[in-house]
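# Geometric and topological summary
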Amino acid sequence: MQDTRHAVLDALADGPVSGPDIADRLDVSRAAVWKHVEALRDAGFEIASTDAGYELAAVPDFGGEAVEFGLEAPFEVEYHDAVPSTNDRARELAAEGREDVVVLADEQPGGRGRLNRAWSSPSGGIWLSILCRPTVPPADAPAFTLAAAVATTRAAREAGVDAVIKWPNDVLVPTGTGASQTESDDVLVPDEEGDTRKLAGILTEMEGEADRVSWLIVGIGVNANVDVADLVEGATSLRAETGDVDRRAFTQRLLEEFHDLRTDLERVVPAWREHADTLGRRVRVETPGGEVVGEAVDVEFPGTLVVETDEGPVRVTTGDCEHLRPV
Ligand code: BTN
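Here is a short report on the structure shown in this document.

Calculation rules
- Note that residues are indexed from 1 along each chain, following the sequence as it is written.
- At least 70 in pLDDT is required for a residue's local features to be given in this predicted model, at least 80 for side-chain atom pairs to be given and counted, and no such filter applies to totals for whole chains, interfaces and linings, which use all residues.
- Remark: hydrogens and water are excluded; side-chain values derive from all non-hydrogen atoms of the structure.
- The pairing test for Phe, Tyr and Trp rings, Trp by its six-membered ring, is centres within 6.5 Å, and the orientation test on the planes gives stacked under 30 degrees, edge-to-face over 60, and tilted for anything in between.
- The helix and strand labels rest on DSSP assignments: H or I over at least four residues marks a helix, E over at least two residues marks a strand, and numbering proceeds from the N terminus.
- A single heavy atom is enough: if one lies within 4 Å of a molecule or strand, its residue is considered near that molecule or strand.
- Nitrogen and oxygen atoms within 3.5 Å of one another constitute a polar contact, given that in protein one can donate a hydrogen and the other can accept it, and given that sequence-neighbouring residues count only through two side-chain atoms.
- Values of accessible area rely on a 1.4 Å probe in the Shrake-Rupley scheme; residue burial ignores everything except the protein chains shown.
- Here a cavity means grid points, on a 1 Å grid over the protein atoms only, where a 1.4 Å probe fits yet cannot get out; a pocket means an open set of points with protein on both sides within 12 Å along at least five of seven lines; lining residues are those with an atom within 4 Å of a point.
- Cavities and pockets are treated as containing a molecule whenever more than half of the molecule's atoms lie within 2 Å of their grid points.
- Grid points are joined across faces, edges and corners, and a volume is the space filled by probe spheres set on the points.
- An automatic or database domain assignment provides the domain bounds reported here.
- Under this grouping Gly is polar, as are all residues other than the nonpolar Ala, Val, Leu, Ile, Met, Phe, Trp, Tyr, Cys and Pro and the charged Asp, Glu, Lys and Arg.
- Each residue gets one of three labels from its accessible area relative to the maximum for its type: buried under 20%, exposed over 50%, partly exposed in between, using a 1.4 Å probe on protein chains only.
- The pairing criterion for strands is at least two bridges between them, as found by DSSP.
- For every element, the axis is a line fit to its C-alpha atoms; helices are fit only across the contacting stretch, and the angle between N-to-C directions ranges from 0 to 180 degrees.

### Examining the packing of aromatic side chains
Within this structure, the stated rule accounts for two aromatic pairs. Seen from their ring centres, phenylalanine 62 and tyrosine 79 are 5.7 Å apart, and the 80 degrees between their planes marks the pair as edge-to-face. Placement of phenylalanine 62 in the loop between β2 (53–58) and α4 (64–68) and of tyrosine 79 in strand β3 (residues 76–82) is noted, with a sequence separation of 17 residues between them.

So this is what it looks like as structure tokens:
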């Protein structure tokens, strides 16, 4: 949101305040104040005009201005009712040199997931991409993906959903139907659809040189106020788990937590461990170098999974991870 419009909105929130007062305070013309008030009304803000002046009466449920209003993180939010993919739009903004912009959409007809899969993104979800330019080497980029998983999980838990993280960045909801696991079990199969359901996924894309990230796009898809029937099998939604949520508050919480963590990357891994479902479990990870099977014993900065295998510890930086459980 433009700075003056932001300041007008803040004045209205502290209202009632007259148009001339706002104009004086912000050193702009009365006509300019009127234009901003009208633009805010167009964006869905209810602005009452009383004898005492203008006053903010209600904030829209969702949208760019709504998320920016009261957001305690320095992001500009570009909202779309529908955009093919917020990651693709964020790439365009990256090419224009922008940073600290969040592209947010209600619906994504061309949503993309990891490994070139499609990502179902019906209306009612929270589909967003954070474009930032951290001054870190490309090797540290996974920490931002982990930070996004922590931020999403914390927002979900505050909304009343018992979310956990599967390495590296799937946000899942356990159903409690999975068999329990013990060290002595020697016949193991992958978790089944009934054991956990996927609530959110993260797709991070990056451009950089050897020693420096140029831009980083962290795409986060949260199945929020959507029907499970409109998602792929094995997915769940906030609607299914707890009922519809306030998407504005959820998005703000997620962005604030992400911002907090990105300013202190040392905190990311300990925060991730707090919510991890993978640690202590038998896992099979498909990596570019082959399959790694063993017990997931730790995660190290910037997001490396340590798997204790029969041949000793193996450190995995990338791959598709399956939790295993006894037959
Ligand atoms: C996954 O496969 O788990 C990652 C899914 C990431 C989906 C999000 S939704 C917002 C952003 N835009 C996209 O096209 N994809 C990501």
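### Some thoughts on the site of the ligand
Near the ligand lie 19 residues; those nearest to it are Ser85, Gln108, Arg112, Arg114 and Lys198. Between the ligand and the protein, one listed contact pairs a nitrogen atom with a backbone N or O atom of arginine 112 at 2.7 Å. Here arginine 114 contributes a backbone N or O atom positioned 2.7 Å from an oxygen atom of the ligand. In the complex, 98% of the free accessible area of the ligand, which totals 410 Å², lies under the protein chains. Assessed atom by atom at 2 Å from the grid points, the ligand resides in the largest pocket. Counting only elements with at least two residues in the shell around the ligand, the list comes to α5 (86–95), β5 (126–132), β9 (196–208) and β10 (213–222). The greatest single-element share of the shell around the ligand, amounting to four residues, is contributed by β9.

### Some details on the layout of surface pockets
By volume, the largest pocket is sized at about 1,000 Å³. Arg117, Trp119, Lys166, Asp170 and Lys198 are the residues nearest the centre of the largest pocket, which is lined by 45 residues in total. Elements with a minimum of two residues in the lining of the largest pocket: α5, β5, β7 (170–174), β9, β10 and β15 (320–326). Of all the elements, β9 adds the most residues to the lining of the largest pocket, at six residues. Of the residues that make up the lining of the largest pocket, three or more belong to each of domain 2 (64–274) and domain 3 (282–326). The computed volume of the second largest pocket comes to approximately 390 Å³. Sorting the residues of the lining of the second largest pocket by element identifies α6 (142–158) and β9 as the ones contributing at least two each. Sorting elements by how many residues they give to the lining of the second largest pocket places β9 first, with five residues. Tallied by class, the residues present in the lining of the second largest pocket amount to ten nonpolar, seven polar and three charged. Shared between two domains, the lining of the second largest pocket holds at least three residues of each, these being domain 2 (64–274) and domain 3 (282–326).

### Here's the deal with the pairing of β5
Buried residues dominate β5, accounting for seven of its seven residues. Residue alternation in β5 divides its side chains into two sets, Ile126, Leu128, Ile130 and Cys132 and Trp127, Ser129 and Leu131, and both sets are buried. As judged from the five bridges shared by strand β4 (residues 101–107) and β5, these two strands associate in the antiparallel manner. Paired with valine 102 across the strands is isoleucine 130, a residue of β5. As paired elements, β5 and β10 share seven bridges and run antiparallel to each other. Bridging from a neighbouring strand, leucine 128 pairs with isoleucine 220 of β10.

### Points about the sheet that holds β3
What the seven strands build is an open sheet, ordered β3-β4-β5-β10-β9-β7-β6; its pairing is mixed. Looking at which strands have only one partner, the edges of the open sheet turn out to be β3 and β6 (164–166). Each strand axis lies, on average, 20 degrees off the axis of its neighbour in the sheet, ignoring direction. Two strands pair when backbone bridges link them, and β3 and β4 are joined in this way by six bridges, in the parallel orientation. Bridging across to β4, alanine 82 finds its partner in glutamate 107.

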